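This is what each chain is made of:
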Amino acid sequence: MLNTSEILSSRLPDPASNDLIGRYAACRLFGQPADFLIRGNPYRRPVRPQDIEAVDFSRPLTRGDFASTAALTGQRLLTNIYESELLFLPNGEFRRVERDFQEFYGDPLRSAGERVRPLLERQLFAFLEEEIDVSGRWSEAAMRSYFERRLAGVTSAESSAVCEAIETAREPRAAAELFLTQLASDFLSEASAMARNVLGNFGAVQSELFKVLIDEYGYGVHETKHSTLFEETLKSCGLESEPHAYWQFYLGTSLSLVTYFHYVSRNHALFFRYLGALLYTEATLPWANRLQSEMLGRVFDGAADTRYFDEHVHIDVHHARMALEKIIVPTVQRCGERVIGEIVRGFEEFALLQELADADLIAQIEWSDGREHYVELAAALRAKGAASRRAGALFRESKAELSVPHVHDEDELFLVEEGVLDFVTGPGAPRRLEAGEGIVIPQGRHHGSRIVSEHCSYRAVPLPGAAAC
Amino acid sequence: MLIVEMDSGSDTYLTVGETPYFLLKAARNRVLVCPDRCPHRGGPLHLGRRDCQTGALTCPWHEATYPLPALARLSVPAVTRGGTTTAVFDLPPDTPVYRRPRRITANDCRELE
């Protein structure tokens, strides 16, 4: 008996899928940027096309791959495909980016994206079928009891592991900035996926979904639109508030929380999963946002504008009730108890993605915050002769050349041999590395670099297990 | 409703109230919380014979055979994640639950590993 991943992978022609994806990723807009922050151009979304060849997109990810090159590359590509169906206009002068606007929304790129979308959805989300099994004959009463138990387990905790990681960091503000930039991947275009589910004709449930949507959009009053509130949060913390200014710093797992909602909303055959995921997020946000609001208040000494979070503490209590009583239960009554399995599956799939995203973010915060330890570790390894002149790969680059933030699938010893570069682990201050210095980059940790001196050469040595030294 | 969490690997057999249940492997990482009473005459399904290709289960008493979809319809609603199976029984929350590890011959299929 084949399992789901085997069935899915057996359907995928390996070279063909990589070739199609490579052609999509080769779009000029997804190539090398001039800076780490992208201002005034929401169509420039680097995906590191040079990594495409190293990824086998025909192989569905496993749970253990969540911080891999394959996951990050796939998530960046899939986000671009889904978001070519949303409208973004630049904050700056439109004329300056009009050509990019035309190309991002043009038929050639969108049709190329549409061809690879199903391949990426399988690559990124097939593992959920492996990880979660929903079985048996469900009733409405059993579904209610199950959700009550699961949600009580999540929302009864008195603290959040992410908030704790931020507040116990050596530099809590930098950690909080990293956290806020991850949220920006979702919150600045919040509920766009939800909008895919309010068209058509499906009875009273449609109107209930619309009510949730208009809450998210501030009832047409721009100042109260949730994304506007989050822009104010970013500004109050000294961060950029333009959509995708921090594109290069998004972790793959952060993007998965965005793409999953598009995945189950774009294909209406997955509507019931969408409902389960909606309940999970609406029912857990009041708890999470309360802790996050309190954390931001403390970390930024009261200067953070937390209205976005405070609004959700209030409104999502209603949304959770509406999701269950006004949307899910009437849908079950209309379509039959046979759809409950899919609703429970969506609930659990999103819960798992949220757990993976939290774990990934905590690992990134801890690494970024503790990077001096990894600089010292690199010095010790170099002293032991771990980086001979023949080891790894040597890169020679010129001033201002930029390595788009990425991850490696094994620990790496990174050493500057000549010149100076800035090494980034998030949107905060870079760590300048001079000739003779280096850093150990643990597997899966997001990082990039930019050359500061006229010329620079650095060596990258794969060293499995180095980060645990 | 009674909600019971089980280790999918070791809690192979349990009695909930007066009804026995066992964990039937449906595929890799997939289990059913199946009543251990054949719908025909109450035979012990956990001792049944399995068709390892189709997953169908044959009761040892009168050889009534149940394909996987039929077994799924008989089973208690459950979610399995990370080695834990959470099952929802239509019984009062204080119903006693007894766990008794047993060999489940119905799971004797290498194809389901």
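Residues numbered from 1 in each chain as written. Chains lettered and ligands numbered in written order. Predicted model: local features only at pLDDT ≥ 70, side-chain atom pairs only at ≥ 80, totals over all residues. Heavy atoms only, no water.

Our next topic: the layout of surface pockets. Its boundaries defined by the atoms lining it, the largest pocket holds a volume of some 1,000 Å³. Taken together, 46 residues make up the lining of the largest pocket; nearest its centre are Leu257, Thr281, Leu285, Phe350 and Gln354 of chain A. Elements that contribute at least two residues to the lining of the largest pocket include exactly α6 (140-155), α7 (161-167), α8 (172-187), α9 (192-195), α12 (252-266), α13 (271-299), α14 (307-335) and α15 (340-369) of chain A. The leading source of residues in the lining of the largest pocket is α13 of chain A, at eleven residues. Here the lining of the largest pocket is composed, by residue class, of 23 nonpolar, 15 polar and eight charged. By volume, the second largest pocket is sized at about 650 Å³. Around the second largest pocket sit 22 residues that line it, and Ser135 and Gly136 of chain A together with Pro69, Ala72 and Arg73 of chain B are the ones nearest its centre. Elements that contribute at least two residues to the lining of the second largest pocket include exactly β1 (132-135) and α15 of chain A together with β3 (19-27), β4 (30-35) and α1 (68-74) of chain B. Residues of the lining of the second largest pocket, tallied by class, amount to eleven nonpolar, four polar and seven charged. (1 Å grid on protein atoms, 1.4 Å probe; cavity = no way out; pocket = protein on both sides within 12 Å on 5 of 7 lines; lining within 4 Å. Points joined across faces, edges and corners; volume = space filled by probe spheres on them. Helix = DSSP H or I, 4+ residues; strand = E, 2+ residues; numbered from the N terminus. Nonpolar A, V, L, I, M, F, W, Y, C, P; charged D, E, K, R; others polar.)

This next bit is on the sheet that holds β1 of chain A. As summarised here, the arrangement of the four strands in space is β1(A)-β8(B)-β9(B)-β1(B), forming an open sheet in which the pairing is antiparallel. Single-partner strands in this sheet number two, and they are β1 of chain A together with β1 (2-7) of chain B. In this sheet, adjacent strand axes meet at a mean angle of 15° when their direction is disregarded. Relative to β1 of chain A, helix α5 (residues 107-131) of chain A is tilted by about 50°, and along the sheet it contacts β1 of chain A together with β8 (78-81) of chain B. (Pairing = 2+ DSSP bridges. Axes fitted to C-alpha atoms, helices over the stretch in contact; angles between N-to-C directions. Contact = heavy atoms within 4.5 Å.)

Residues and elements named next belong to chain A. The final tally for this structure, using the stated rule, is 40 salt bridges over all chains. Measuring nitrogen to oxygen at the nearest pair gives 2.7 Å for the salt bridge that ties Glu114 to Arg117. A residue pair is termed a helical-turn pair when its members lie 3 or 4 positions apart in one helix, as Glu114 and Arg117 do in helix α5 at three residues. Accessibility expressed as a relative area gives 13% for Arg117, which makes it buried. Between Glu232 and Lys235 there is a salt bridge, and its shortest N-O distance comes to 3.4 Å. Placement of both Glu232 and Lys235 in helix α11 (residues 226-236) is noted, with a separation of three residues, approximately one turn of the helix. (Salt bridge = Lys/Arg side-chain N within 4 Å of Asp/Glu carboxyl O. Buried < 20%, exposed > 50% of the residue type's maximum accessible area, 1.4 Å probe, protein only.)

This brings us to the packing of aromatic side chains. Residue and element names in this part refer to chain A. Enumeration according to the criterion identifies 35 aromatic pairs over all chains in this entry. With centroids separated by 5.8 Å and ring planes inclined at 65°, the aromatic side chains of Phe271 and Phe272 adopt a geometry described as edge-to-face. The residues Phe271 and Phe272 share a single accessibility class, namely buried. Both rings, one in Phe271 and one in Tyr274, keep their centres 6.4 Å apart while their planes meet at 20°; by these two values the pair is stacked. With a gap of three residues between them, Phe271 and Tyr274 both fall in helix α13, about one helical turn apart. (Phe/Tyr/Trp six-rings, centres within 6.5 Å; stacked < 30°, edge-to-face > 60°.)

With that settled, consider the side chain of Ser145 of chain A. By the element assignment, Ser145 of chain A lies in helix α6. Those residues in contact with Ser145 of chain A that lie beyond four places of it in its chain are Met1, Ile3 and Val88 of chain B.

What follows covers the pairing of strand β5 (residues 420-424) of chain A. Walk down a regular strand and you will see the side chains alternate between the two sheet faces. Residue and element names in this part refer to chain A. Of all five residues that make up β5, five are buried, and the element is covered over most of its length. With burial as the criterion, each face of β5 is covered, one bearing Val420, Asp422 and Val424 and the other bearing Leu421 and Phe423. Both β5 and strand β6 (residues 431-434) contribute to a ladder of four bridges, which runs antiparallel. Looking at β6, one finds that Phe423 is bridged to Arg431. Counting the residues that bridge the hairpin from β5 to β6 gives six residues. The pairing of β5 with strand β8 (residues 447-451) spans four bridges and is antiparallel. Residue Phe423 lies in a different strand from β8, and its bridge partner there is Ser449.

By themselves, these are just geometric observations and shouldn't be taken as functional.
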